[in-house]
Amino acid sequence: MVEPEDRPSTAGQRLGAPESLGISTLEPGRRPPAMPPGRQVSIRVQMLDDTQEVFDVSPRATGKVLFDLACSHLNLIEGDYFGLEFQDHRRMMVWLDLLKPVMKQIRQPKNTILKFVVKFFPPDHTQLMEELTRYLFALQIKHDLACGRLTCNETSAALMVSHIVQSEIGDFEEAQCRQHLLNNKYISEQDALMDKIVDFHRKHVGQTPAESDFQLLEVARKLEMYGIRLHPAKDREGSRLSLAVAHTGVLVFQGHTKINAFNWSKVRKLSFKRKRFLIKLRPDINQSNCQDTLEFLMGSRDCCKVFWKICVEYHAFFRLFEEPKPKPKPVLFTRGSSFRFSGRTQRQIIDYVKDSEFKKIPFERKHSRIQFSSSQTSLPTHLTSEGPRERHRASSTSGDQTDTPLRPGSTQAVVENPRGGPATQPNGRHEGLHPSPPRPRTQQPPETISTGPVRSSPRLDDSPVVNGQTPLQGRSPDGRQPSPLTSPLLTDAGFVRTDDEDEVRRKRFPTDKAYFIAKELLMTERTYLKDLEVITVSFQKSMGKEEALPDSLKNLIFANFEPVYKFHEAFLKEVEQRLAQWEGRSNAHIKGDYQRIGDIMLKNIHGLKLLTPHLHKHSEALLELEQTCRSSRKLDGLCRDFELQKVCYLPLNIFFLRPMHRLMHYKQILERLCKHYPPTHEDFRDSRAALADISEMISQLHGTMIKMENFQKLLELKKDLTGIDNLAIPGREFIRLGCLSKLSGKGLQQRMFFLFSDVLLYTSRGMTTSNQFKVHGQLPLYGITIRESEDEWGVPHSFTLSGNRQSVVVAASSAAEMEKWVDDIRMAIELTDKCNGPSPEILASSLTDSKSLEEPSMDQESEDDLSASRTSLERQTPHRGNTTVHVCWHRNTSVSMVDFSVAVENQLSGNLLRKFKNSNGWQKLWVVFTNFSLFFYKTHQDDYPLASLPLLGYSITMPSESENIHKDYVFKLHFKSHVYYFRSESEYTFERWMEVIRSATTSSSRVHLPSRKELYPY
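Residues numbered from 1 in each chain as written. Predicted model: local features only at pLDDT ≥ 70, side-chain atom pairs only at ≥ 80, totals over all residues. Heavy atoms only, no water.

A. Focus on the overall build of the chain. Looking only at helices and strands, one finds 27 helices and 30 strands in the chain. Looking at the chain residue by residue over its 1018 residues, the buried ones come to 57%. Contacts in the chain between residues far apart in sequence, at least 24 positions, make up 68% of those at least 6 positions apart. Of the roughly 45100 Å² of accessible surface on the chain, a fraction of 49% belongs to carbon and sulfur atoms. (Helix = DSSP H or I, 4+ residues; strand = E, 2+ residues; numbered from the N terminus. Buried < 20%, exposed > 50% of the residue type's maximum accessible area, 1.4 Å probe, protein only. Contact = heavy atoms within 4.5 Å. Areas by Shrake-Rupley, 256 points an atom, 1.4 Å probe, with all protein chains shown as cover.)

B. Representation of the pairing of strand 29 (residues 970-975). With five of its six residues buried, strand 29 lies for the most part within the structure. Examined bridge by bridge, strand 28 (residues 955-957) and strand 29 share three bridges and lie antiparallel to one another. Its bridge partner lying in strand 29, isoleucine 956 is registered against leucine 973. Between strand 29 and strand 30 (residues 978-983), which pair antiparallel and follow one another directly, the connecting turn spans two residues, one of which, lysine 976, has a positive phi of 55°. (Pairing = 2+ DSSP bridges.)

C. The arrangement of the sheet that holds strand 1 (residues 41-46) in detail. With respect to topology, five strands assemble into an open sheet ordered 2-1-5-3-4, the strand pairing being mixed. The sheet terminates laterally at strand 2 (52-57) and strand 4 (93-95), the two strands that pair on one side only. Shown here is a sheet whose adjacent strand axes are inclined to one another by a mean of 35°, direction ignored. In this sheet, strand 4 lies alongside strand 3 (residues 82-87) in antiparallel orientation, the contact comprising three bridges. Bridge pairing in strand 4 places phenylalanine 86 opposite valine 94. (Axes fitted to C-alpha atoms, helices over the stretch in contact; angles between N-to-C directions.)

D. The side chain of aspartate 683, seen in detail. With respect to the secondary-structure elements, aspartate 683 resides in the loop between helix 18 (658-676) and helix 19 (684-720). Engagement of the side chain of aspartate 683 in a polar contact is seen with the backbone nitrogen of isoleucine 597, the distance being 3.2 Å. (Polar contact = N/O pair within 3.5 Å; in protein donor to acceptor, adjacent residues only side chain to side chain.)

E. The arrangement of the sheet that holds strand 11 (residues 276-281) in detail. Strand order across the open sheet formed by seven strands is 9-8-7-6-12-11-10, with antiparallel pairing between neighbours. Taken across any chain shown, the strands that pair with only one partner, and hence form the sheet edges, are strand 9 (257-263) and strand 10 (267-273). Mean inter-strand twist for the sheet, computed between neighbouring axes without regard to direction, equals 35°. Pairing of strand 6 (residues 231-234) with strand 12 (residues 293-298) involves two bridges; the strand directions are antiparallel. Looking at the pairing, alanine 233 lines up with methionine 298 of strand 12. On top of the sheet, helix 9 (residues 301-319) reaches strand 6, strand 7 (240-245), strand 8 (249-254), strand 10, strand 11 and strand 12; it is set at about 155° to strand 10, its chief contact.

F. Summary view of helix 21 (residues 815-834). Along its 20 residues, helix 21 runs 29 Å from first to last C-alpha, staying within 8% of the 28 Å computed at 1.5 Å per residue. Turning to helix 21, its buried residues number three or more, namely Glu817, Met818, Trp821, Val822, Asp824, Ile825, Met827, Ala828, Ile829, Leu831 and Thr832. (Expected span 1.5 Å × (residues − 1).)

G. Fine view of the pattern of salt bridges. Within this structure, the stated rule accounts for 42 salt bridges. Here arginine 149 and aspartate 144 are joined by a salt bridge, their closest N and O atoms 3.5 Å apart. Judged by its relative accessible area of 32%, arginine 149 falls in the partly exposed class. As a salt-bridge pair, aspartate 758 and arginine 732 come within 2.8 Å of each other at their nearest N and O atoms. Here the residue aspartate 758 occupies a position in the loop between strand 17 (747-756) and strand 18 (759-765), and arginine 732 occupies one in the loop between strand 15 (721-722) and strand 16 (734-744), the gap between them amounting to 26 residues. Neither residue differs from the other here; aspartate 758 and arginine 732 are each classed as buried. (Salt bridge = Lys/Arg side-chain N within 4 Å of Asp/Glu carboxyl O.)

H. Seen up close, the side chain of glutamate 218. Within the secondary structure, glutamate 218 is located in helix 8 (residues 209-220). Looking at glutamate 218, its side chain comes within polar contact range of the side chain of histidine 125, at 3.4 Å. Excluding its chain neighbours within four sequence positions, the residues that come into contact with glutamate 218 are His125 and Lys938.

I. Fine view of the packing of helix 12 (residues 513-546) against helix 18. Where helix 12 contacts helix 18, the two axes come as close as 10 Å, and the packing angle between them is 175°. When the interaxial angle is binned, helix 12 and helix 18 end up roughly antiparallel. Listed contacts from helix 18 to Lys513, Ala514, Ile517, Glu520, Leu521, Thr524, Glu525, Tyr528, Asp531 and Leu532 of helix 12 are Arg658, Pro659, Arg662, Tyr666, Ile669, Arg672, Leu673 and His676. Here the contact of helix 12 with helix 18 is composed, by residue class, of nine nonpolar, two polar and seven charged. (Parallel < 35°, antiparallel > 145°, perpendicular 65-115°, else oblique. Nonpolar A, V, L, I, M, F, W, Y, C, P; charged D, E, K, R; others polar.)

J. Quick peek at the nonpolar core. Judged by nonpolar contacts, the single largest core of 129 residues is most densely connected at Ile694, Leu934, Phe971, Leu973 and Trp993. Take this core: its biggest share by element is 15 residues, from helix 12. Excluding anything up to four places from it in sequence, leucine 934 contacts Val927, Val928, Phe929, Ala947, Ser948, Leu949, Leu951, Leu973, Phe982, Trp993 and Ile997. (Core = buried A, V, L, I, M, F, W, Y, C linked by side-chain atoms within 4.5 Å.)

K. Geometry of the state of the cysteines. Per the stated rule, a full pass over the model turns up zero disulfides. Free of any disulfide, cysteine 739 has its nearest neighbouring cysteine sulfur in cysteine 888, separated by 7.3 Å. Looking at cysteine 739, the relative accessible area reads 2%, which means it is buried. (Disulfide = S-S within 2.5 Å.)

L. Representation of the packing of helix 15 (residues 612-631) against helix 16 (residues 633-643). Running from amino to carboxyl end, helix 15 crosses helix 16 at an angle of 120°, the nearest separation of the two axes being 5 Å. As summarised for this structure, helix 15 and helix 16 are arranged oblique, according to the angle between their axes. In terms of crossing hand, the pair formed by helix 15 and helix 16 is left-handed. Together, Leu625, Thr628, Cys629 and Ser631 of helix 15 and Arg633, Leu635, Asp636 and Cys639 of helix 16 make up the contact between the two elements. Partitioned by chemical class, the residues of the contact of helix 15 with helix 16 number four nonpolar, two polar and two charged. (Left-handed = near helix turned anticlockwise from the far one by under 90°.)

Spelled out as structure tokens, the structure:
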């Protein structure tokens, strides 16, 4: 192969960047092997976007050399998932053997086209580290859908096509969507499913092409035929079957239905003899008559060998830790095949990308409004280079070319016609696919951290210019441009980015603080809508099955929640569209200033005012549901069962108060906007008017909100306690709960205390399956006295509560905890003395202090036990072992009603990067903070969290230099040996997460919070 002519060193070399080509099958820093001098053979390779590239190799070059050149052309790091496929002289589709010379495998290179396709399909697409890799996988799924290889039901097919359409033409516009579907055929039954595809596409507003790829793979990987290539065979009875191989083992299909599977752990040996393919199984001790060897008859010996080879490669790729070493050559005789897997295993790829110093490759994709004719092959998504490319070609582009630059900021797309002619644009112009003339570098706007996929469009943009130089252009058949899949190696600055730096700088966002405030509105609105769905969808469906809800209660709940849900669903779409315009990624051609949010807030708050009667009804619905549960054991059991479902990640009655809580969030957002805007800003007037309207609504609902929050907390505590009657009586208010050590004849014993406005309860953790706290005694607050008794008993942080009939000595875990308890108890005593005397007994049986002393001490659960029950919702057992009460018990801390009120105001959600103490990479998660906990989701579209982290007892700090977290906007959460790092996308979001999490951690300064007298005047 002829090397490109010498030219000045690249920008990266001048800046001292390490040299790397990003070829997965080469060691870091190495180039593909140089071609020996002499005659070269041109090999054509068809890429996944249907473009063809020509690679010139030596006749003696191995398949690995050609494959490395293809990966180098794409700057593909995770190339080992792919392979080169071609039709051999027997007209069979075979994989190019990387260890054998190319010319021994391809007899007629001029008439042979190799296809660069996905060879190994991992079970989870999140194992693919590079966005470019996921994009190529998405193209493969698109091909498999079109050719009928990936079969599925109509709903899945329509959903996948909708994601493809979203990635190709962008946000939903019905006329354009239908026209695009008429011009492009993605599945055979597309016309019949067009309405369903359009309905799905309507829901993807704001979704980037990379996010669409991710969702496409998420749907595809769950299908039975995902990554399956069928090889015809027959069993011993002559029945027609098909064999396939996957990451799990060898599969047997009848038609497109899987009828059997042989896991790798059960397979002892795979072999073939003539037309017979043999699977030898390991003996099963549970089945004495199990067949040892299974035999399948295939079309020919060559068919057996082709399938056997791919089985060997799949087993090695997914099961081995490293590439198998070659067997030593025998001296005299050979027996069996010498074939072996060549390349990195999946484990090696993942470790290489995570641990090596190789840098991820930035590239840009942009939406296109191209309309293809039915006779053309669509190029779904193109990549725009931002840096120099290393190309390995035998010769450079020949012939004169006309430079046709695109206008700055134009959405005009340039498309290559597969037939060689220029493609017709929507405006009737004909644009050739040519590089633009060199242009001077311009200063790019500041970038903010973002780990989201690239906001881009499927068009080939101007050829990049790096420091005044244009990259070399390779050649393709018929003089066409190289594949648009080619992506750059270096960044604009000429240095190689780290994987984290690339992840967090893929999107360019506005830097105005108002944008991030608006984005917070969007993120929290998505979570709020999901919370409403718990009532309007999940709870309604659950209750509808059993018909346990009386019609009056059913109408009271759902008739007042559904209008609110529909209103906020429309509001969310408006906010999504505005943010898409603000970020410059919407395809709506809107004139005027759209970098504002106050106008949308003002308009929708006017509409929200009309729903005020429904908001008042929500509190009535909660009261009516509680009364009905008391009289109906069936309904009470159904509600408790519903709370154990994953979708109900909080106590059920909290969701009934979400609409009123959301008003407070709107007020906070508008206050921050008004504080940020100068009075002369065009959005200030709308924001201030919206703030005045929402403040008026909150003042009208304030009294109801306080009463219902207290009632909700009493109901929640009632489920955590056993041995009490009528906890939620009129006039009783919850003040504080937490751990104190009670002094008894056996010494200090950990007890859980509950302080109300008229009584103090002390309990111990029960050992029953319900995991409730058993009440040991009560101290009516009327006439009680409190005094510090550390000197009297010699116990640090202790105080004595003395009543008419008994005295209790308790000790707090710290001076701060003691101060909180003493202050709240004294306040409650003062309030009780002003009332009409002692409160009625609330215990089911009169428990004396002496009886409580006889109770054996409860075994305390370890922190790991709590973590196991809290961090994996899949391990939840049918008991209330993950509530705030249990967290306080394990963390030995306390929480007041003031803290709950602050937590209600400080809810937040959005994308964060999470890193564990001993891990290398960062994981992108959708995180929701509410109820003193972080809930982790894969995406904001998930119905329930994957895990959760209670923050009570945790401390929040910034990582120190010794921890080697050299990233911006990182905060650290730690409790004992548990350490987590989180990264946000901007300074504003970093400060917001720090602010809200501080409200739930032990390091937060509660002295700055308003006193209970200020929030709850009695």
